[in-house]
Amino acid sequence: MIGDGMLNTATIGNGMLNTAMDLWENGGNLVLSKTDLRENGDDLTARSSEIGSVTARRRSSFRVTSDRSRPPPLRLRVVDSSSLTARLLPARLLRTVRCFLPQALKGQCACVLSGVGFISPVQDSSSSSKRIRVDFDLENLPSDPGLRQKISSYHPNNHDEIRRYYLAKGPCQPVHDYPISHFSGKPRRFRSEWYVDRNWLEYSIDKDAAFCFYCYLFGQDVGKQGGGDTFITKGFKLWNQLAKLESHVRGVNSAHNHAVKKSEDLLKEKQHIQSVLVKQSNQDKLDYRVQLNAIVDCIRFILCRGLAFRGHDESQVLQRVPKNCKLTHSDIQKDIVNAIARETSKVIIKDLENGFFSILVDESRDISVKEQMSLVLRYVNKKGIIIERFLGVVHVASTTALSLKNAIECLLCEHNLSLSNLRGQGYDGASNMQGDINGLKTLILKENNSAFYVHCFAHQLQLTLVAVAKNHINIAEFFYVVSNLVTVVGGSCKRRDALRDAQFAKIREDLENGVRRSGQGLNQETNLKRPGDTCWGSYYGTILNLILMFSAVVDVLEIIEEDGLSDQKVEARSIMRRPRRNTQQNTNLHHYRAELFYTVIDMQLQELNNRFSEANTDLLRCMACLNPSNSFVAFDKEKLIRLAKFYPSDFLGTDILALDSQLQNYIFDMRSNDLFLELQGVSELAEKLVSTRKHETYPLVYLLVKLALTLPVATATVERSFSAMKYVKNELRNRMGDRFMNDCLVVYIEKDVACSIDNETIMQRFQDMKTRRRQL
Ligand SMILES: [Zn+2]
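Calculation rules
Residues numbered from 1 in each chain as written. Predicted model: local features only at pLDDT ≥ 70, side-chain atom pairs only at ≥ 80, totals over all residues. Pairing = 2+ DSSP bridges. Helix = DSSP H or I, 4+ residues; strand = E, 2+ residues; numbered from the N terminus. Axes fitted to C-alpha atoms, helices over the stretch in contact; angles between N-to-C directions. Contact = placed C-beta atoms within 7 Å. Buried ≥ 20, exposed ≤ 12 C-beta atoms within 10 Å, placed from the backbone. Core = buried A, V, L, I, M, F, W, Y, C linked by C-beta atoms within 7 Å. Arc of directions from axis to C-beta. Parallel < 35°, antiparallel > 145°, perpendicular 65-115°, else oblique. Left-handed = near helix turned anticlockwise from the far one by under 90°. Nonpolar A, V, L, I, M, F, W, Y, C, P; charged D, E, K, R; others polar.

J.: So what's going on with the sheet that holds strand 12 (residues 357–365)? Which residues, and what values?
T.: Across the sheet, which stays open at both edges, the 5 strands sit in the order 14-13-12-15-16 with mixed pairing between neighbours. At either end of the open sheet lies a strand with only one pairing partner, and these are strand 14 (386–395) and strand 16 (452–455). Taking each pair of neighbouring strands and ignoring which way they run, the sheet shows an average axis angle of 25°. In this structure, strand 13 (residues 371–380) lies alongside strand 14, joined through 9 bridges in antiparallel fashion. Looking at the pairing, Y379 lines up with I387 of strand 14. Packed on one face of the sheet, helix 11 (residues 330–352) meets strand 12, strand 13 and strand 14 and runs near 135° to strand 14.

This is the structure we're talking about:
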C-alpha cells in the first residue's frame, strides 16, 4: 500500500504516483504518452480533481495521455520490484520521468532504464498534472448506470466503441422492487411505468437513482443538461418531483436532445467520415451484403454444431472475395458470434416479458481449469409453457457466496433483470460447494424473501439412494460383489471376447431350442459396463445386463478359475464360492421381502423425510393442491390461500380476499368444464388456462399456478450446459477466451432461438458494433 507520507504533496504527480505504485506492486503495465511527460504542467493542473475519479484500481493497466494530441504511446514497463525497463525513452524525457517515480520507489528499485541510463530517486513536488485514462474491456463494462465510468475517463479513441456497445445494448431499465424513500414524511419510490415513453430513462439498482442514457453517452460533448450533472454522474433521486424528469428533456435545442441526435448520428453509417473517404459503389455494397450473409450463415452453421473455427484451405471458397475484405479475421468472426449471441439473449429476455423467473446455478471447471458459473432461467411464458433457458457462463475468480452473488447480479443486470423478480433458486446441494451455496441462498433470500430455495430433486433422490445403498450391509455387499464381478470378468479385452463368445453360443443354443424369439432389435450384442458411483442409474443398467448374461458370466468365471493367473483365480473363486446364507429358519421369500425389501423402503422414507425441510414441504404440499388430475381431487382452498401468503409481494391483503372468492368460482368452473377434466399435472393446467383464456378470468389463480411452475425442480439444464461447455471448449480449443466461449455456448445451447433470428438483424448489429470499412 502507499503510505500517507507519499501523498503529502497533493499534486497530480502524486496521483500518477499512486497509480504507478499500484501497478508496480501488481507487476502491471504503465503506458505514458510523450506529451504527458512534458515538464510544463501548468495548463493541466486544473484537472487534478479528475484524477480522483479514477478508482478502478483493479484494472491492470492505465493509460495516461493528454487530451489535445495523441502521439504514439511510450511504454514504461514496470517489470518487477528490482528493475524498471523502458523502451523508446529519449533522454530529454528522462527528467520528467523522474517526477513521476520519485520517493515511492526510493530504495526499492534501482530504476534501470535500459538503453537510456539511470534514474535516481528524485523528489519533485512541482510535477505536472495529468489526466489518467482507464483502459477498458468490452467484457467488463458495467451495465448498471450507477457503476459505470464517465465516458471522458476512457481514451478518446475508444469513446465511440464504448458508446456503440451501450447503444446496442439499450438503456438499462430493470423492473425491480424499488426501495421506498420518504419525502417530508410521504413514501415515494421509482416506478417502472416511468420507462414508458422515456427511452432515455435508466435506473440503477446499485444507487437507487435514475440516469439519462443519452446524456451519459454524449453529455460531455454537448454542454449543460437540464438538471446539470444529476442525470449523468450523481443520479436523480427526488421521486416526489416528477416534473424534473420532464424538464430534463426540455425543447428541441436542449442539451439532452442534442445528445439524442448525436447517438442517432453515430449509428448512421453513411454519415461517418470513413464512409465519405472510402467511396463505395452500389455494386460494392451489394457484394458486401452477399459476403456478409454467407459468412453469417457459415458461422451459424459452425456454432449450432459446436465446431471449431478452423480450416486449412479456403481458397476455393473465397475465390471471388476481394482480397482486402475476406471477413475471415478472428476479430471479425468473434464480433459476428457476439452479435448472434446477444440477439439470442435478447429474444429470450423478450420472451420473459419482465415476469417472474427462477434461477438454476451451478459451477464447474472448464478444460483450462477456470471456475465457470452457469446460470439458467426458468419461467412461464405467455402461452403458459414452462421454459428453461441458458443465460450465460461467467468466469468466477473465487467461489465464495458473495462473489457468486455478485456475478449473478451482474449477469442479470446485463440483461435488465433484477433479483426482485426472482421466485425460486435451485442448486445441486450435493457438490462440495454446499456450504457456500447455502450462504448464497441466504444472501439472496435476505434481499428477496420469495426466492424459495429448492435443493435439486434429482440430486436429492440420488443422495437418498446412495445413503441407503451405503448404509444397509446386505445391499452394500451386493453392490460390492457386482462391481467386483464386472472388474474380474471385463478386466481385459480377452476376457470380454470370451464373454461375448459365451453369450453368442448361449443365444444360438436358445434360438435353436426355441426358448428365445428372434426379431428386430432383439438379442443385440451386450456387454457389462462398469457402474459409476456418481451416476447411480448406471448400476441399474449393469444389473439388467448381468441378469441377461448370467450364464455366460458364470462360464467366463469358470474359465478364469481354471486358466487365469493366480490372483485372478482367487478372485474368481471368491465370487463363485460366496458363502450361502443360513436358510434353515426362513424361506427365501420371507428373507427378501421382510428382511430386505421392507427395511430398505423404510430407510428410503426416513432419508427422504430428513432431506426435505419443514418450510419447503409445506410449500410443496400447498402446491400439490393445484394438481388437476382426477377432476381436481386435490383442491383445497385453505391450503392455496396459505400458498399465496408465501409470496407477500405478489399477494397483498386485499388480493388474498379476492383470491378467496376467485378460487370458489374457479373450482366450480373447472369441475363442470369438460376441457379441464382430462388434465395431468399443473403444467398442462397452465397451458389450458391460457388457451381457453381462463387466465384472464381468474388472474390470481393463474398467478399461483405460474408461481408454482416457476419453482425449480431439477438442475438438469445447468448440468447440460456444462456438457455443452466440455464439447465446445475441448482439449483442442482450451485457449478460448471467456467472452467467446460464452457467446458460443449461448448459441449452441439455445440453437432453436438462434436459428429463429434472421441474418439481417445480425448483420445490422454487427455493423453497429464498430465503424466498419464497408457499409451494408
Ligand atoms: Zn438526457
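J.: If you had to explain the pairing of strand 13 to someone new, which residues and values would you point to?
T.: Burial analysis of strand 13 places 9 of its 10 residues in the buried class, which makes it a mostly covered element. As defined by bridge partners, strand 12 adjoins strand 13 across 8 bridges and the pair is classed as antiparallel. Its bridge partner lying in strand 13, L360 is registered against V376. Counting the residues between successive antiparallel strands, the hairpin from strand 12 to strand 13 contains 5 residues, one of them, V369, with a positive phi of roughly 50°.

J.: Can you lay out the nonpolar core for me, pointing to particular residues and giving the numbers?
T.: Counting 110 residues, the largest nonpolar core has I340, L704 and V705 as the members making the most contacts within it. The residues contacting I340, other than those within four sequence positions of it, are I299, R300, L303, V747, A754 and I762. In terms of nonpolar packing, the next biggest core, distinct from the first, is built from 10 residues, V489, A552, V553 and A572 among them.

J.: Requested: an account of helix 25 (residues 682–691), with residues and values cited.
T.: Listing the buried residues of helix 25 in full gives V682, L685, A686 and L689. Along the long axis of helix 25, the arc covered by the buried residues comes to 100°, so they all point the same way. Residues of helix 25 that are buried make contact with strand 13, helix 26 (694–697) and helix 27 (699–710).

J.: With reference to specific residues and values, describe the pairing of strand 12.
T.: Where burial is concerned, most of strand 12 is hidden: 7 out of the 9 residues are buried. In the sheet, strand 12 pairs with strand 15 (residues 422–427) via 4 bridges, with the strands oriented parallel. When the bridges of strand 15 are listed, F357 appears paired with L422.

J.: Tell me about the packing of helix 25 against helix 27, and please be specific about residues and values.
T.: Contact pair helix 25 / helix 27: the axes reach a minimum separation of 10 Å and the direction vectors enclose 140°. Considered as vectors, helix 25 and helix 27 are oriented oblique to each other. Crossing hand, helix 25 versus helix 27: left-handed. Touching V682, S683, L685, A686 and L689 of helix 25 are Y702, V705, K706, A708 and L709, all from helix 27. Within the contact of helix 25 with helix 27, the residues separate by chemical class into 8 nonpolar, 1 polar and 1 charged.

J.: Which residues make up the environment of N759, and what values do they have?
T.: Here N759 shows up in helix 31 (residues 759–769). By C-beta crowding, N759 is classed as partly exposed, having 17 other C-beta atoms within 10 Å. Taking the C-alpha atoms as reference points, N759 and V296, 463 residues apart in sequence, are found 6.9 Å from one another.

J.: Describe unusual backbone geometry, and please don't skip the residues or the numbers.
T.: One non-glycine residue, S631, lies in the positive phi region at around 50°. Its location among the elements puts S631 in helix 22 (residues 629–632). Taking the number of C-beta atoms within 10 Å as the measure of exposure, S631 has 14 and is therefore partly exposed. With a phi angle near 60°, R693 is a residue other than glycine that sits in the positive phi range. Within the fold, R693 resides in the loop between helix 25 and helix 26. On the basis of neighbour count, R693 is assigned to the exposed category, with 8 C-beta atoms found within 10 Å.

J.: Let's hear about the environment of L422: which residues, and what values?
T.: By the secondary structure assignment, L422 is in strand 15. Put simply, L422 and S358 are 64 residues apart on the chain and 5.3 Å apart in space, counted from C-alpha to C-alpha.

In short, geometric facts, not functional conclusions.
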